[in-house]
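Results of the structural survey
Below, each chain spelled out in residue letters.
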Amino acid sequence: MANFKDIIGQQQVKKHLQNAIKQNNISHAYIIYGEKGSGKKTITDATVQTIQCKNRDGGMDACEICKSCMQAKSHNHPDIKYITHEKASISVDDIREQLNNDISIKPYSSEYKIYIIPDANKMTEQAQNALLKTIEEPPAYAVIILITDNIAGLLPTIQSRCVTLNLKPLNNNEIAGYLTTHLKLEPERAQIAAGFCQGNMGKAIRFASSEDFQEMKEEVLSLLKSLDTMDIPEITSTIKNFSQNKNNINDYLDLMLLWYRDVLMFKVTKDTNILLYQGEYKAISKQASTRGYEDIEKIIKAIDKAKKRLDANVNFEVVLELMVLTLKD
């Protein structure tokens, strides 16, 4: 379990939650929304632990040593419930059995009874409608927290009855500072990881901790620097080889995306100091001089579109071929 003091950035969200706890003005329902790796679980853990703490510091932080805190840390608190599901989606039966049928039972040892729904966007429409009835008329002691990286997957009626807390991307200095202080990373590698993660702390930690990261970066750079002399089958084959494990393809695409953003920024500013791939400024300068603004923007959009199509489970081979055609166009 994390505490508010452990959370990097997200000052607005932390202040909102801490003030609500301090003033005993906790909402009956929250949506905590942000991309994967943005810290949704950390914020949720800090919130529920502080709400239930017997010795909290004026609502600002949990004591971490009382019985309630110890139970929260071990995920064994009788008044903190996690909604689980065995299938791909959260069914109406999951919501009824684990939440609706349980919520009328008063808290065992706390003032509040808290229900946490991870991946709340996986609730079926039936499940969301069942939850809606409970959110509309909850017991005074109930707090329901929906965690999601896809708020569009939640019905507007659910969204309108919850306080939505949107986790914003962190700045590079916040992330690099955490990596050097907590993970003891050398400053240069921390800055590179911070730049690649686009404000996402979870992604930065994963990159910084990965022995494969440098190899992944070199593979992408090798491709992008040779792109103009390669034919389409060669490029497609190389990208497929990147992804023997398709779970990594988004990381490769992110690295490609950042390269073309560097190309675009250099074309606009001619300033090497703002480049993420500073050591590759010659290749970046060359591509910036041979491609027009519209061409670079078209490539960036094509890579973004490929990421979205892969997330939507569009055929892997088709997505890559369409993207490569744009890269070579």
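So, a few notes on the structure that sits alongside this text. (Residues numbered from 1 in each chain as written. Predicted model: local features only at pLDDT ≥ 70, side-chain atom pairs only at ≥ 80, totals over all residues. Heavy atoms only, no water.)

**Side note on the overall build of the chain**
Stated precisely, the cut-off is as follows: Secondary structure is summarised from DSSP: a helix means a run of H or I of at least four residues, a strand means a run of E of at least two, and numbering begins at the N terminus for each. Only protein chains enter the accessibility calculation, which uses a 1.4 Å probe; a residue is then buried when its area is under 20% of its type maximum, exposed when over 50%, and partly exposed in between. It only takes one pair of heavy atoms within 4.5 Å for two residues to be counted as in contact. Per-residue and other accessible areas follow the Shrake-Rupley method at a 1.4 Å probe size, with only the shown protein chains counted as cover for residues. Under this rule, positive means Lys or Arg and negative means Asp or Glu; His and the chain ends count for nothing. Where a charge lies is defined by one atom per residue type, namely NZ (Lys), CZ (Arg), CG (Asp) and CD (Glu).
A tally of helices and strands in the chain yields 15 helices and 5 strands. When the 329 residues of the chain are sorted by exposure, 47% land in the buried category. The contacts in the chain between residues at least 6 apart in sequence include a share of 71% that link residues at least 24 apart. Roughly 16,800 Å² of accessible area belongs to the chain as shown, and the carbon and sulfur atoms make up 47% of that amount. Each charge class in the chain can be summarised by its mean position, and for the 41 positive and 42 negative side chains these summaries are 4 Å apart.

**Observations regarding the packing of helix α12 (residues 249-269) against helix α14 (residues 293-311)**
As a reminder of what qualifies: Fitted lines through C-alpha atoms serve as axes, helices being fitted only where they are in contact, and the angles separating the N-to-C directions of these axes extend from 0 to 180 degrees. Roughly parallel refers to an angle under 35 degrees, roughly antiparallel to one over 145, roughly perpendicular to one between 65 and 115, and oblique to any angle outside these ranges. Each helix crossing is assigned a hand: it is left-handed if the near helix lies turned anticlockwise from the far helix by less than a right angle, otherwise right-handed if that turn is clockwise. The classification used treats Ala, Val, Leu, Ile, Met, Phe, Trp, Tyr, Cys and Pro as nonpolar, Asp, Glu, Lys and Arg as charged, and all other residues, Gly among them, as polar.
Taken N-terminus to C-terminus, the directions of α12 and α14 make an angle of 165 degrees; their axes are 10 Å apart at the nearest point. Judged by the inter-axis angle, α12 sits roughly antiparallel to α14. Crossing geometry of α12 relative to α14 is assigned as left-handed. Taking contact as the criterion, the partners of I249, N250, L253, D254, M256, L257, Y260, R261, V263, L264, K267 and V268 in α12 are, on α14, Y293, I296, E297, I299, I300, I303, D304, A306, K307, L310 and D311. Residue composition of the contact of α12 with α14, by class: 15 nonpolar, 1 polar and 7 charged.

**Some remarks on the pattern of salt bridges**
Basically, it comes down to this: By definition, a salt bridge exists where a carboxyl oxygen of Asp or Glu is found within 4 Å of a side-chain nitrogen of Lys or Arg.
Enumeration over the complete set of coordinates arrives at 10 salt bridges. The residue D102 makes a salt bridge to K113 at a minimum N-O spacing of 3.0 Å. Taken together, the residues span a long stretch of sequence, with D102 in the loop between α4 (92-100) and β3 (113-117) and K113 in strand β3 at a distance of 11 residues. Across the pair, exposure class does not vary: D102 and K113 are buried alike. The residue D254 makes a salt bridge to K307 at a minimum N-O spacing of 2.4 Å. With a gap of 53 residues between them, D254 in helix α12 and K307 in helix α14 connect regions that are remote in the sequence.

**Notes on helix α2 (residues 40-52)**
Along an α-helix, a turn takes 3.6 residues, which lines up residues three or four apart on a common side. Filter applied, for reference: Residue count minus one, scaled by 1.5 Å, sets the expected span of a helix.
Taking 1.5 Å per residue, 13 residues should reach 18 Å; α2 reaches 18 Å between its end C-alpha atoms and fits that length. When α2 is considered as a whole, its buried residues turn out to be K40, I43, T44, D45, A46, T47, V48, Q49, T50, I51 and Q52. Packing partners of the buried residues in α2 comprise α1 (11-22), β1 (29-33), α3 (67-73), β2 (80-82), β3 and β4 (142-148).

**Re helix α15 (residues 316-328)**
Rules: As used here, the arc is the angular range of directions from the helix axis to the C-beta atoms. Identification of polar contacts relies on pairs of N or O atoms within 3.5 Å, with a donor-acceptor requirement for protein atoms, meaning one able to donate a hydrogen and the other able to accept it, and with residues adjacent in sequence counted only if both atoms are side-chain atoms.
Across its 13 residues, α15 extends 19 Å between first and last C-alpha, which sits within 8% of the 18 Å expected from 1.5 Å per residue. When α15 is considered as a whole, its buried residues turn out to be F316, V319, L320, M323, V324, T326 and L327. Across the axial projection of α15, the buried residues extend over an arc of 155 degrees, all falling on one side. Capping the start of α15 is the job of one residue whose side-chain oxygen sits 3.0 Å from the backbone nitrogen of V318: N315.

The analysis is restricted to geometry; functional conclusions fall outside its scope.
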